[in-house]
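Architecture and fold: a report
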Amino acid sequence: METEQSFQAPPGPVLRNEPFRFFFFLGVLVSWVGVGHWLSYGLGVTSTYSCELHGLIQTQGFLMAFAVGFLLTALPRRTRSEPPSYAEMAIITAGLVVTTAGSTLESWRVAQLGYAAIFLVLIQFAVRRFLGAAAGRKPPAAFVLIPIAVAHGLIGAALIAAEQAQGFWSMSLGKLLVEQGVFLCLVVGVGSLILPLMSGYPPPPDLGSSPRETAKAGLYAAAGIGIFLSLALEQSGLNTLAPVVRAVVVTLGLAIGGHSLRLPAKPGLHRRLVWLSTWMIPLGLLVSALVPDLRVAALHITFIGGFGLMAFGVASHVSLSHLGMDALALGRPWPIVAISVTLALALAGRLAADVSDAYFEHLAWAAAFWLVGSAAWLAFFTPAFLRKPPTPDA
Ligand code: HEM
């Protein structure tokens with residue numbers, strides 16, 4: 001019979017050992033601010049809208065909260081090292097709140113300060129675990145993409161903050177770096193560890209365990225630099241070639257490191273969804289290149305069907321396997337059915353908006369589907385996030 005691996009929480013404070021309990025919760029709330037923007041405008045509750053506000057909150061707030069929740073939980077386990085401190089978690093939380101509030105008030109500099117603070121804490125957290133004397137294991141080769149993702153984020157934040165002095169190009173390139181660059185690098189880099197583990201394929205070996213792994217690290221670094229150059233090329237006007245390059249790089253990275261060419265070997269709806277998201281990410285980039293008039297709508301195949309679906313799929317996996325719901329991870333629990341249906345409807349609404357003559361009505365419907373699905377997901381998982389882990393004896 002198929003069984004699911006259950007994670008026993010190490011002894012110690014629950015929140016430090018399982019930071020995902022808090023950060024996934026916070027991430028959903030932040031997504032309501034970013035997506036709710038279109039619902040409140042569509043309903044006439046607000047009279048203005050901002051394209052920057054929405055895109056930045058979704059990527060710098062919502063996606064970052066999910067990424068942080070995952071990394072702060074997974075890195076100490078992989079390296080057999082100390083969990084994050086309360087101070088690190090508090091600064092990251094403050095960073096997420098400040099970046100969301102700053103973008104909501106369209107104060108881009110403040111938002112970028114909060115965002116940069118998150119990365120600075122993450123860097124020292126990861127460096128101490130991977131390079132410190134106490135590090136129990138080395139990271140896999142694809143993790144070279146994590147510092148490259150951080151570089152995308154910090155350069156992008158600096159460019160957005162410099163918008164007033166430098167002009168529109170600075171905001172435009174900054175947005176490309178933080179909205180696409182950071183997560184394309186993280187998806188391939190971190191995906192090389194989590195995707196095989198989730199789908200039932202062998203996890204990657206440690207860096208330095210063989211010359212092959214060292215060579216692989218070089219290839220992943222080249223992929224990260226390729227993503228960076230393609231974003232710079234897009235800014236300089238190569239609107240078709242540049243997203244195609246990114247789509248190819250990400251497809252190859254996910255095929256090699258994430259086993260995306262094969263369906264998951266284990267059952268479980270969330271595994272299928274994460275597998276699907278690995279294809280939606282490059283698909284959105286490709287369609288945006290081929291149909292430039294519908295660029296932003298097409299990019300939502302990447303944003304909603306790719307990044308958003310992957311965030312909820314991986315978060316479901318982490319939550320089910322850490323919170324004693326292992327049997328559900330092999331089936332189709334209702335919150336995962338709910339999130340998959342509502343995200344599909346949100347994507348359909350977002351795509352239809354640009355080809356309809358009722359643009360803002362479609363946006364409002366798409367936003368409403370997102371809110372309903374993510375609220376259902378949260379309603380299911382929140383009681384489990386609040387529950388104490390069972391004691392080893394129990
Ligand atoms: C679910 C309902 C959603 C709706 C109705 C929606 C709507 C929109 C709209 C109308 C724009 C274009 C603004 C403009 O005219 O420039 C936009 C841009 C953007 N959206 Fe969404 N969106 C949704 C979900 C998401 C999600 C889940 C993410 C990320 C995970 C996301 C990330 C972005 C980004 C990064 C941009 C900026 C793209 C660019 O300027 O290159 N969106 N969205």
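Just so it is clear, the structure is predicted and the values come from calculations on it, not from any experiment. (Residues numbered from 1 in each chain as written. Predicted model: local features only at pLDDT ≥ 70, side-chain atom pairs only at ≥ 80, totals over all residues. Heavy atoms only, no water.)

1. So, the overall build of the protein chain
The secondary structure content of the protein chain amounts to 14 helices and 0 strands. Along the chain direction, N to C, the helices and strands of the protein chain fall in the order α-α-α-α-α-α-α-α-α-α-α-α-α-α. A compact globule built from 394 residues would reach a C-alpha radius of gyration of about 21 Å, and the protein chain, at 20 Å, matches this within 12%. Projected onto the principal axes, the alpha-carbon positions of the protein chain cover approximately 60 × 45 × 40 Å. Among the 394 residues that make up the protein chain, the fraction classed as buried is 55%. Expressed as a percentage of contacts within the protein chain between residues at least 6 apart in sequence, the contacts between residues at least 24 apart total 78%. Accessible surface, the protein chain: about 16400 Å² in total, of which carbon and sulfur atoms supply 70%. When the 23 positive and 18 negative side-chain charges of the protein chain are each reduced to one mean point, those points stand 10 Å apart. (Helix = DSSP H or I, 4+ residues; strand = E, 2+ residues; numbered from the N terminus. Rg over C-alpha atoms; globule rule 2.2 N^0.38 Å. Buried < 20%, exposed > 50% of the residue type's maximum accessible area, 1.4 Å probe, protein only. Contact = heavy atoms within 4.5 Å. Areas by Shrake-Rupley, 256 points an atom, 1.4 Å probe, with all protein chains shown as cover. Lys, Arg positive; Asp, Glu negative; His and termini not counted. Charge placed at Lys NZ, Arg CZ, Asp CG, Glu CD.)

2. Describing the coordination of the iron atom of the ligand
Ideal coordination angles are 109.5 degrees for a metal with four donors arranged tetrahedrally and 90 or 180 degrees for a metal with six donors arranged octahedrally. Every protein donor of the iron atom of the ligand is accounted for by H54 (NE2) and H300 (NE2), and the metal-donor separations fall at 2.0 Å. Coordination geometry of the iron atom of the ligand: the 6 donor atoms subtend angles of 85 to 180 degrees at the metal centre, consistent with an arrangement described as octahedral. Taken as a pair, H54 in helix α3 (residues 51-79) and H300 in helix α12 (residues 295-322) lie far apart in primary sequence, 246 residues in all. The pair H54 / H300 is uniform in exposure class, with both members buried. (Donors = N, O, S within 2.8 Å, 3.2 Å for Na, K, Ca; no water. Tetrahedral: all angles 85-135°; square planar, octahedral: opposite > 155°, others 65-115°.)

3. Points about empty space enclosed by the protein
The final tally for this structure, using the stated rule, is 2 cavities of 30 Å³ or more. Space inside the largest cavity adds up to approximately 320 Å³. If you trace the largest cavity, you find 18 residues lining it, with A67, V187, M310, A311 and V314 closest to the centre. Counting contributing residues, the lining of the largest cavity receives three or more from each of domain 1 (14-137) and domain 2 (264-382). Roughly 100 Å³ of volume is contained in the second largest cavity. What lines the second largest cavity is a set of 14 residues, and nearest its centre among them are L195, S199, P264, R271 and W275. (1 Å grid on protein atoms, 1.4 Å probe; cavity = no way out; pocket = protein on both sides within 12 Å on 5 of 7 lines; lining within 4 Å. Points joined across faces, edges and corners; volume = space filled by probe spheres on them. Domains from an automatic or database assignment.)

4. As for the site of the ligand
Lining the immediate environment of the ligand, one finds 21 residues, of which W38, C51, H54, H300 and Y359 sit closest. Between a nitrogen atom of the ligand and a side-chain N or O atom of H54, the distance comes to 2.8 Å. One of the side-chain N or O atoms of H300 is found 2.7 Å from a nitrogen atom in the ligand. One can see that the ligand is located within the largest pocket. Within the residue set of the shell around the ligand, elements represented by two or more residues are α2 (20-42), α3, α8 (168-199), α12, α13 (334-355) and α14 (359-386). Here the shell around the ligand gets 6 residues from one element, more than from any other, and that element is α3. Taken together, the residues of the shell around the ligand sort by class into 13 nonpolar, 4 polar and 4 charged. Split by domain, the residues of the shell around the ligand number at least three in each of domain 1 (14-137) and domain 2 (264-382). (Near = heavy atom within 4 Å. Polar contact = N/O pair within 3.5 Å; in protein donor to acceptor, adjacent residues only side chain to side chain. Sits in = over half its atoms within 2 Å of the grid points. Nonpolar A, V, L, I, M, F, W, Y, C, P; charged D, E, K, R; others polar.)

5. Some remarks on the domain arrangement of the protein chain
Parsing the protein chain into structural domains produces domain 1 (14-137) and domain 2 (264-382). Put simply, the middle of domain 1 and the middle of domain 2, counted by C-alpha atoms, are 19 Å apart. For the pair domain 1 and domain 2, the summed buried surface comes to about 1900 Å²; carbon and sulfur atoms form 85% of the total. Between the two partners, domain 1 and domain 2, sit 0 salt bridges. Remark: the boundary between domain 1 and domain 2 carries 3 residue pairs in polar contact (both at pLDDT 80 or more). Among the elements of the structure, α2 and α3 are those that each provide at least two residues to the side of domain 1 that touches domain 2. Examining the composition of the side of domain 1 that touches domain 2, we find that 13 residues originate from one element, α2, more than from any other. Counted by class, the side of domain 1 that touches domain 2 contains 15 nonpolar, 5 polar and 3 charged residues. (Buried area = accessible area lost by both parts, 1.4 Å probe. Salt bridge = Lys/Arg side-chain N within 4 Å of Asp/Glu carboxyl O.)

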